[in-house]
Amino acid sequence: SALAGGLVRIEFRDIPTEDRAVAAALEERYRLDLCAVAASEPEEAGAPLAHVARLAGAVIDGLIGPSEGIGIAWGSTMAAVVREIPVRSAAAIEVVQLAGSSSRLGRERDAGQLARSLADRLGATDHPIYAPAFVASRELRESLARDPEIARAMDRFDALTLAIVGIGAMPDGSPVAASSLIRSGVLDDAEVARLVAAGAIGDLVVHPFDAEGRFVATDLTDRAVAISVDGLRRVPRVVAVATGPAKAAAIRGALASGVVRMLVTDAATGRAVLGDA
């Protein structure tokens, strides 16, 4: 049969159990428009990302109308989320890459690849940014932004109705940086040390912020071929997807910034965010 031959795939899209109490507490404390929290099961403590990505896919699917401008960031969390967004055919949707690329992130986590994959799942048009996430100088960034092809994508930032982002956490001595900004290798050790010295605990897209949610190191982001902080603030719905208690401080800072109004996480992470605030 076609089923046995692998031509037909039947998916049972089971949405993870939610922890409504943690979600309500986060919504109230941070005045969020929406918070969805995947219940943390002890035996699944090692792999919360799959559950959070599945929940995020369902939440984002519910937010997407027939005609949207959707911006998407980069990274492993985003890659997991894109795979969980149900397929549809919506030619009136546009998907916009929020930041340029980095060859060091690997193909699957690359910003351009993620925008393309999301557009494919939605039957949408994608608007890639054919440029690195960071360039050597502000002048080079300004001249790149005038390039017609790059300008066409960046001009779409103002029309975004939804942005899907991860929350990066700055290095705290752990061997693997929990931030695509750091993993991308675009910042050298001295720049990372300078960010940490400036109080940076996390980043949204390419923008580092401190514990109070203030954005730091604007000289760095002046060289970023990416949506600006003000551009992100203008997007009516910014959904952050983040998991891992190690990211608690970064999530807290991101919520304090006021940019993120919707959050999808897991219960263990949510409790860590609430616990030390």
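Here, the structure is the one placed above.
What you are looking at is a predicted structure, and each value in this text was computed from that prediction instead of being measured.

Chemist: Would you take a moment to explain the overall build of the protein chain for this structure?
Modeler: Tallying secondary structure elements over the protein chain gives twelve helices and ten strands in all. Residue burial in the protein chain is summarised as follows: out of 277 residues, 53% are buried. Within the protein chain, contacts between residues separated by at least 24 positions form 73% of all contacts whose residues are at least 6 apart in sequence. Accessible area of the protein chain: about 12,300 Å², with a carbon and sulfur share of 51%.

Chemist: Is there a simple way to explain the packing of helix 11 (residues 248–256) against helix 12 (residues 267–275) in this structure?
Modeler: Axis angle and axis distance: for two packed helices, these are the angle between their axes and the distance between the axes, and together they describe the pair. Two elements in contact, helix 11 and helix 12, have axes whose closest approach is 9 Å; the angle formed by their N-to-C orientations is 70°. In terms of orientation, helix 11 and helix 12 fall into the roughly perpendicular class. Between helix 11 and helix 12 lies a crossing whose hand is right-handed. On the side of helix 11, the interface is formed by Ala 248, Ile 251 and Arg 252, while helix 12 contributes Thr 269, Ala 272 and Val 273. Among the residues forming the contact of helix 11 with helix 12, the class breakdown is four nonpolar, one polar and one charged.

Chemist: Any chance you could explain the side chain of Asp 203 here in plain terms?
Modeler: Within the secondary structure, Asp 203 sits in strand 7 (residues 200–204). Within the buried set, Asp 203 has no salt-bridge partner at all; the shortest N-O distance to an opposite charge, 8.0 Å, is to Lys 247. Ignoring sequence-local partners within four residues, the contact set of Asp 203 consists of Gly 166, Ile 167, Gly 168, Ala 169, Met 170, Ser 179, Leu 181, Pro 208 and Phe 209.

Chemist: I tried to follow unusual backbone geometry on my own but got confused; where do I start?
Modeler: Most peptide bonds adopt trans geometry, and most residues besides glycine take a negative phi value. Look at Arg 31: it is not a glycine, yet its phi comes out positive at around 50°. One can find Arg 31 in the loop between helix 1 (20–30) and strand 1 (34–38). A relative accessible area of 66% means that Arg 31 is categorised as exposed. We note that Val 205 has phi near 55°; this positive angle belongs to a residue other than glycine.

Chemist: When you look at the pairing of strand 5 (residues 162–165) in this model, what are you seeing that I'm missing?
Modeler: Looking along a regular strand, one sees side chains alternate from face to face of the sheet. Burial of the side chains of strand 5 extends over both faces: Leu 162 and Ile 164 are buried on one face and Ala 163 and Val 165 on the other. Taken together, the three bridges between strand 2 (residues 69–72) and strand 5 define a ladder with parallel strand orientation. Bridge assignment links Gly 71 to a residue of strand 5, and that residue is Ala 163. Judged from the four bridges that link them, strand 5 and strand 9 (residues 237–241) form a sheet pairing that is parallel. Paired with Ile 164 across the bridge in strand 9 is Val 239.

Chemist: I tried to follow the sheet that holds strand 7 on my own but got confused; where do I start?
Modeler: Sheet strands associate in pairs through backbone hydrogen bonding, adopting either a parallel or an antiparallel arrangement. Taking strand neighbours across the sheet as the criterion, the three strands line up as 6-7-8 in an open arrangement whose pairing is antiparallel. Sheet topology places strand 6 (168–169) and strand 8 (207–210) at the edges, where each strand pairs with a single neighbour. As judged from the four bridges shared by strand 7 and strand 8, these two strands associate in the antiparallel manner. Bridging across to strand 8, Leu 204 finds its partner in His 207. Sitting on the sheet, helix 11 is in contact with strand 6, strand 7 and strand 8, with an inclination near 65° to strand 7.

Chemist: Is there a simple way to explain the sheet that holds strand 9 in this structure?
Modeler: With respect to topology, seven strands assemble into an open sheet ordered 1-10-9-5-2-3-4, the strand pairing being parallel. The outermost strands of the open sheet, each flanked by one partner alone, are strand 1 and strand 4 (125–127). Across the sheet, the mean angle separating the axes of adjacent strands is 20° when strand polarity is ignored. Bridge count for strand 3 (residues 94–97) against strand 4 is three bridges, and the pairing is parallel. Paired with Val 95 across the strands is Asp 126, a residue of strand 4. Along the sheet, helix 3 (residues 76–83) makes contact with strand 2, strand 5 and strand 9, crossing strand 9 at roughly 105°. Each of strand 2, strand 3, strand 4 and strand 5 touches helix 4 (residues 111–122); the most contacted strand, strand 3, lies at about 170° to it.

Here is what the cut-offs are and how they apply
- Residues numbered from 1 in each chain as written.
- Predicted model: local features only at pLDDT ≥ 70, side-chain atom pairs only at ≥ 80, totals over all residues.
- Heavy atoms only, no water.
- Helix = DSSP H or I, 4+ residues; strand = E, 2+ residues; numbered from the N terminus.
- Buried < 20%, exposed > 50% of the residue type's maximum accessible area, 1.4 Å probe, protein only.
- Contact = heavy atoms within 4.5 Å.
- Areas by Shrake-Rupley, 256 points an atom, 1.4 Å probe, with all protein chains shown as cover.
- Axes fitted to C-alpha atoms, helices over the stretch in contact; angles between N-to-C directions.
- Parallel < 35°, antiparallel > 145°, perpendicular 65-115°, else oblique.
- Left-handed = near helix turned anticlockwise from the far one by under 90°.
- Nonpolar A, V, L, I, M, F, W, Y, C, P; charged D, E, K, R; others polar.
- Lys, Arg positive; Asp, Glu negative; His and termini not counted.
- Salt bridge = Lys/Arg side-chain N within 4 Å of Asp/Glu carboxyl O.
- Pairing = 2+ DSSP bridges.

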